Amino acid sequence: MKKTGDEESKMNKIERLDELVKLVDRLGTITVAQIVESLKVSDMTVRRDLTELENQGKLTRIFGGAKSNKAQQYHEIPHEEKLFKNIEAKRAVAKKAVQLIEDGDTIFLGPGTSVEVLSEQISNQNLRVITNCLPIFNDLLKKKSDTFKVFLLGGEMRETSQAFVGEMTNAIMERMYFTKMFFSCNGIKGGQIMTSSFEEAYTQKLALERSTETYLLIDSSKIDKEDFTSICPLSEITAVIIDQTSDTVHEELEVHTKVIS
């Protein structure tokens, strides 16, 4: 029997809502503009769909878009516990990264234990370093001098990563520019650099946009690991710095960006 127009419209809506939920769950957070582009529907339709799906408990609306309700499935390990996991691999990565830092640079160090290990190895005499991570700031403060400047971006601190995020942090970040940025993540999946916090990801994105060169520091355990939200695609950074890994993993990363290993 041929379906009526109403039945066809209803089926299309069901399929559209299902696809929208899959998009949000895959990306962690998504904007209205991204949904319009992906599903080829109007802005008004997207906003109605988001309201309906929020009422069904399938997502949460945020300013300008929506976020997944599956955040609770991701358990973020506390900073102190992370620091000693794969520590030798992190030291190997930091040894490669520190060679990219030159006297006279203005660098941003994002939160993460791989970046903290890097901060311990910095020996430049003439440098300006900005970070939003308290443990990294404390490490660098010991090296402070007339020519080695260290700045901590304040705001609301996330206890898990001990990083400052939020409107205050972002307002200061929007007025700064860096020659190089070094940051880390909780996983890489489908060409996306993943982390556990939407707020932390947004602050990292601001720093990425304001950096001439951007370097992701990871050990090979982060490959094919998914987390709550994406910081950015691998294709948008200068290079990944990783410990020695398999040829297959190396090739998978090189599809998206330069690899330093």
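Being a predicted model, the structure only gives us computed values, none of them experimental.

Applying the stated criterion across every chain, the model contains twelve salt bridges. A salt bridge links Asp18 to Lys22; the nearest nitrogen and oxygen atoms lie 3.3 Å apart. Here the residue Asp18 and the residue Lys22 both occupy positions in helix H1 (residues 5-27), the gap between them amounting to four residues, near one helical turn. On the basis of relative accessible area, Asp18 is assigned to the partly exposed category, the value being 41%. Across the pair Glu209 and Arg210 runs a salt bridge, and its minimum N-O distance is 3.3 Å. For Arg210, a relative accessible area of 15% puts it in the buried group.

The next point concerns the pairing of strand S14 (residues 239-242). The side-chain alternation of S14 yields two buried faces, one formed by Ala239 and Ile241 and the other by Val240 and Ile242. For S14 and strand S15 (residues 258-260), the ladder comprises three bridges, and the chain directions are parallel. Across the sheet, Ala239 pairs through a bridge with Lys258, a residue of S15. In this fold, S14 hands off to helix H10 (residues 247-254), which returns the chain to S15; that crossover is right-handed.

We now examine the domain arrangement of the protein. Annotation of the protein at the domain level lists domain 1 (13-73) and domain 2 (79-259). Computed from C-alpha atoms alone, the centre-to-centre distance between domain 1 and domain 2 is 29 Å. Taken residue by residue, the interface counts eight residues in domain 1 and six residues in domain 2. Both faces combined, the contact of domain 1 with domain 2 buries some 530 Å², and carbon together with sulfur accounts for 65% of it. Our count for the domain 1 to domain 2 interface comes out at zero salt bridges. Here domain 1 and domain 2 share zero residue pairs in polar contact (both at pLDDT 80 or more) between them. Taken together, the residues that form the side of domain 1 that touches domain 2 break down as three nonpolar, three polar and two charged.

A few words on the sheet that holds strand S11 (residues 192-195). If you trace the three strands from one edge of the open sheet to the other, you get S10-S11-S13, paired in antiparallel fashion. Of all the strands in the sheet, the pair left with one neighbour each is strand S10 (187-189) and strand S13 (229-233). Adjacent strand axes in the sheet meet at a mean angle of 35°, parallel and antiparallel pairs treated alike. With four bridges joining them, S11 and S13 adopt antiparallel strand pairing. Within S13, the residue paired with Met194 across the bridge is Ser230. Contacting S11 and S13, helix H9 (residues 198-209) crosses the sheet at an angle of about 15° to S13.

Right, let's talk about the side chain of Thr229 for a bit. Positionally, Thr229 belongs in strand S13. Sequence-distant contacts of Thr229, defined by excluding residues within four places in its chain, comprise Leu27, Gly28, Thr29, Ile193, Met194, Thr195, Ser197, Phe198 and Ala201.

What follows concerns the sheet that holds strand S9 (residues 178-183). Strand order in this open sheet of seven strands is S6-S5-S4-S9-S12-S14-S15, and the pairing throughout is parallel. Only two strands of the sheet have a single partner each, and these edge strands are strand S6 (148-152) and S15. Along the sheet, successive strands turn relative to each other by an average axial angle of 20°, direction set aside. Across five bridges, the pairing between strand S5 (residues 127-131) and S6 is parallel. Bridging from a neighbouring strand, Thr131 pairs with Leu152 of S6. Contacts from helix H5 (residues 87-98) reach S9, strand S12 (211-218), S14 and S15 within the one sheet, and its direction differs from that of S14 by about 135°.

Definitions and limits used
- Residues numbered from 1 in each chain as written.
- Predicted model: local features only at pLDDT ≥ 70, side-chain atom pairs only at ≥ 80, totals over all residues.
- Heavy atoms only, no water.
- Salt bridge = Lys/Arg side-chain N within 4 Å of Asp/Glu carboxyl O.
- Helix = DSSP H or I, 4+ residues; strand = E, 2+ residues; numbered from the N terminus.
- Buried < 20%, exposed > 50% of the residue type's maximum accessible area, 1.4 Å probe, protein only.
- Pairing = 2+ DSSP bridges.
- Right-handed = clockwise from strand over helix to strand, strands pointing away.
- Domains from an automatic or database assignment.
- Contact = heavy atoms within 4.5 Å.
- Buried area = accessible area lost by both parts, 1.4 Å probe.
- Polar contact = N/O pair within 3.5 Å; in protein donor to acceptor, adjacent residues only side chain to side chain.
- Nonpolar A, V, L, I, M, F, W, Y, C, P; charged D, E, K, R; others polar.
- Axes fitted to C-alpha atoms, helices over the stretch in contact; angles between N-to-C directions.

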